[in-house]
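# Close look at the chain arrangement
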Amino acid sequence: MTYDSDALNASIKAAIAEANDDLRALSMSIHGKPELAWEEHHAHDVLTAYMEKQEGFVVERKICQLDTAWRASFGSEGPLIGFCSEMDALPGIGHACGHNLIAIAGCAAAIGVARALREHKLPGRVVLLGTPAEESGGGKCLMLERGAFDGMDACLMVHPGPRGNGAAAMTSTCRTGVTVAYSGRSAHAGGAPEKGINALDAAVQGYVNVSTLRQQLPTTTRVHGIIAGGEHWAPNAIPASSKLLYGIRAPSAKDLAPLIPRVLACFASGALATGCTYTTDGESLYLDLQQNGNLTDAFRSFTEAESGSEGYAVPREFPTFGSTDFGNVSYIMPGFHPMFFLPDAHPEEFPHSSSFAEAASTLSAHKAALQAAEGIAVVGLRVLVDEQFRKATRKQWEANMAAANAEEAVARIRELLPVSKEPIKGGFCSCDH
Ligand SMILES: [Zn+2]
Ligand SMILES: [Zn+2]
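Scoring rules and cut-offs
Residues numbered from 1 in each chain as written. Chains lettered and ligands numbered in written order. Predicted model: local features only at pLDDT ≥ 70, side-chain atom pairs only at ≥ 80, totals over all residues. Heavy atoms only, no water. Buried < 20%, exposed > 50% of the residue type's maximum accessible area, 1.4 Å probe, protein only. Helix = DSSP H or I, 4+ residues; strand = E, 2+ residues; numbered from the N terminus. Pairing = 2+ DSSP bridges. Salt bridge = Lys/Arg side-chain N within 4 Å of Asp/Glu carboxyl O. Axes fitted to C-alpha atoms, helices over the stretch in contact; angles between N-to-C directions. Left-handed = near helix turned anticlockwise from the far one by under 90°. Contact = heavy atoms within 4.5 Å. Nonpolar A, V, L, I, M, F, W, Y, C, P; charged D, E, K, R; others polar. UniProt positions renumbered as here; feature names shortened; annotations may be inferred. Bend = angle between axes of the 7 residues up to and from the residue. Polar contact = N/O pair within 3.5 Å; in protein donor to acceptor, adjacent residues only side chain to side chain. pLDDT = per-residue confidence, 0-100. Phe/Tyr/Trp six-rings, centres within 6.5 Å; stacked < 30°, edge-to-face > 60°. Domains from an automatic or database assignment. Buried area = accessible area lost by both parts, 1.4 Å probe. Patch = residues over 30% accessible without salt bridge, like charges linked within 9 Å, V, L, I, M, F, W, Y side chains within 5 Å. Areas by Shrake-Rupley, 256 points an atom, 1.4 Å probe, with all protein chains shown as cover.

Let us look at the pairing of strand β8 (residues 174-183). It is a general feature of regular strands that their side chains alternate between the two faces of the sheet. Across the ten residues of β8, eight count as buried, placing the element largely inside the fold. By the bridge criterion, ten bridges tie β8 to strand β10 (residues 241-250) in an arrangement that is antiparallel. Bridge pairing links A181 to K243 in β10.

In structure tokens form, the structure reads like this:
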């Protein structure tokens, strides 16, 4: 197939420029009404209403038996490119991960590619997914299992980061979470403490054990958590229940799998020392990002040509100790998840702070998001129209998968920490960048 990439890219740019004002309004509407994981009803409604107005798109609401997941599809034949719009916010600090920007960047990329295909009469399909619950719960994990990503040749999305940290090839860690629930027996703390079994002590011991273990862990791992369950505690009664909520992270599933029994032993010994019983429940496993080098290079050359080294999406490798459920997508198909930076965010301040939430609402952040969206639209369109590029991208993904060789480790992690197949609301904040 012959095509004129300059003309195609001009169509993308024109479409995104035309959508600019509406996308800004959408972003501010979502930013002004932050919703937690699995509860992104407002974002779901405004985004689907907007995409329904776009020429050629078919919108499906509440897909995958999830109340806030959605799909906007364009085209009926040819290769398929996917984009993701995340929507959820954080407890207490609102859109401190900038998912309002991710949401509109997904729309912009999908609209841009669709316009180029239409204007130049090229075959190709676009699917934009509204993916809930990235901060906790793993919406993409469930949507992968339920077929939403089926048939995509590649999937792309963008994420904001701190000033100066735009990165085409950001990395993320492999992460799982665990809730430990201890049960003991209540008793009068003054009158008959010997009749009690102290569940708070079990949690404290488990917590201290992990802190002790931490010194012997590789510096590339993270084990972090809190003691919870105190709503029924009183200083004059032996606590009969308690919880530990933990995140466990390592560079890859292979690194994470051997870490988990060591952490679980810390929790078990808290129960053993105090005589409590306990249960463990796993959280969604977020795999490390497998950035596709072919997609990364294409994004890098486009953004460098557009923005130079001072651009919003200055491409370079950037290790984060955060995690994302898009990592799981990148294990199923070629995936690309660059990070663009917010010009008004503090360079030392990462997402998940209240000042980052403020920075995510500025006009300069909006411009940065749309510039990054242009980048993934250009790369996504190339996947559709350039067969050689598409094949090379696939080949690279196959090589990445062979190198990662993660299946056994993933199976071991899932065996050690089984996860519910249904959304768990109110999970602790487990992501992120
Ligand atoms: Zn995020
Ligand atoms: Zn986050």
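Alright, that's what it looks like, and here's the rest.
The next point concerns the pattern of salt bridges. Pairing between side chains of opposite charge can happen when the charged atoms of each approach one another. Per the counting criterion, the structure on display carries 15 salt bridges. Salt-bridge contacts for R175 lead to E283; the nearest nitrogen and oxygen are separated by 3.1 Å. You can see R175 sitting in strand β8 and its partner E283 sitting in the loop between β11 (277-282) and α7 (293-307), a full 108 residues away along the chain. Judged by relative accessible area, R175 falls into the buried class, the value being 1%. E283 gets classed as buried once you look at its relative accessible area, which sits at 11%. We note a salt bridge from E398 to R394, for which the minimum N-O separation is 3.6 Å.

Working note: a packed helix pair is described by the angle between its axes plus the distance between those axes. Following both chains from N to C, one finds helix α5 (residues 199-214) and helix α6 (residues 253-274) inclined at 145°, their axes separated by 8 Å at the closest point. As α5 runs across α6, the sense of the crossing is right-handed. Taking contact as the criterion, the partners of D201, A202, Q205, G206, N209, V210 and L213 in α5 are, on α6, R262, V263, C266, F267, S269, G270, A271 and T274. Residues that form the contact of α5 with α6 fall into these classes: seven nonpolar, six polar and two charged.

We now examine the sheet that holds strand β5 (residues 154-156). Two orientations exist for strands paired in a sheet by backbone hydrogen bonds: parallel and antiparallel. Read across the open sheet, the six strands follow the order β1-β2-β4-β3-β5-β13; overall the sheet is mixed. Two strands close off the open sheet at either side, each with one partner strand: β1 (57-60) and β13 (335-336). Each of β3 (80-86), β4 (125-131), β5 and β13 touches helix α10 (residues 363-385); the most contacted strand, β3, lies at about 155° to it.

What follows covers the UniProt feature "domain: Peptidase M20 dimerisation" (unreviewed entry) in the chain. The residues that UniProt annotates with the feature "domain: Peptidase M20 dimerisation" (unreviewed entry) are residues 177-260. For residues 177-260, helix accounts for 29% and strand for 29%, while the C-alpha atoms at its two ends are 10 Å apart.

By the element assignment, V46 lies in helix α2 (residues 41-52). In the structure, V46 is positioned 158 residues away from V204 in sequence and 45 Å away in space, judged by C-alpha atoms. Residues within four places of V46 in sequence aside, it is in contact with L26, S29 and I30.

So, about helix α1 (residues 5-31). In an α-helix, one turn spans 3.6 residues; hence positions three or four apart end up facing the same way. The largest bend along α1 reaches roughly 55° and is located at N20. For α1, the capping residue at the N-terminal end is D4, with a side-chain oxygen 3.0 Å from the backbone nitrogen of D6.

Quick look at the confidence of the model for the chain now. Looking at the chain as a whole, its pLDDT mean stands at 92, while 93% of the residues score no less than 70. When the criterion is pLDDT under 50, residues 426-433 qualifies, and its contacts beyond four places in sequence or with other chains add up to 42 contacts.

A few words now on the packing of aromatic side chains. Scanning all chains against the criterion turns up five aromatic pairs. Measuring from centroid to centroid gives 6.0 Å for Y182 and Y278, while their planes differ by 35°, and the two rings are tilted. Residue Y182 is found in strand β8, and its partner Y278 is found in strand β11; the two are separated by 96 residues along the sequence. Residue Y182 is classed as buried on the basis of its relative accessible area of 1%. Note on Y278: relative accessible area 34%, which makes it partly exposed. Between Y246 and F267 the ring centres are 5.2 Å apart and the planes differ by 55°, which places this aromatic pair in the tilted class. Here Y246 is found in strand β10, whereas its partner F267 is found in helix α6, with 21 residues between them in sequence. F267 matches Y246 in its accessibility class, with the two residues each being buried. Through a chain of ring-to-ring contacts, three or more aromatic side chains come together here, namely Y207, Y246 and F267.

The domain boundaries assigned to the chain delineate domain 1 (5-172 + 288-385) and domain 2 (176-285). Taken over C-alpha atoms, the centre of domain 1 sits 37 Å from the centre of domain 2. Taken together, the contacts link nine residues of domain 1 with nine residues of domain 2. Interface of domain 1 and domain 2: buried area, both sides summed, is about 590 Å²; carbon and sulfur atoms make up 41% of it. Joining domain 1 to domain 2, the criterion identifies zero salt bridges. At the junction of domain 1 and domain 2, the tally comes to four residue pairs in polar contact (both at pLDDT 80 or more). Grouping the constituent residues of the side of domain 1 that touches domain 2 by class yields two nonpolar, six polar and one charged.

On to a nonpolar patch on the surface. On the surface, V204, Y207, V208 and I227 cluster together into a nonpolar patch covering about 270 Å² of accessible area. Among the elements that make up the nonpolar patch, the one with the highest residue count is α5 (three residues). Within the element layout of this structure, I227 appears in strand β9 (residues 222-228). By relative accessible area, which is 31% here, I227 ends up partly exposed.

Quick look at the sheet that holds β8 now. Strand order in this open sheet of four strands is β9-β10-β8-β11, and the pairing throughout is antiparallel. With one partner strand each, in any of the chains shown, β9 and β11 form the two edges of the open sheet. On average, adjacent strands in this sheet sit at an angle of 20° to one another, irrespective of strand direction. Against the sheet, α5 touches β8, β9 and β10, its axis set at about 20° to β10.

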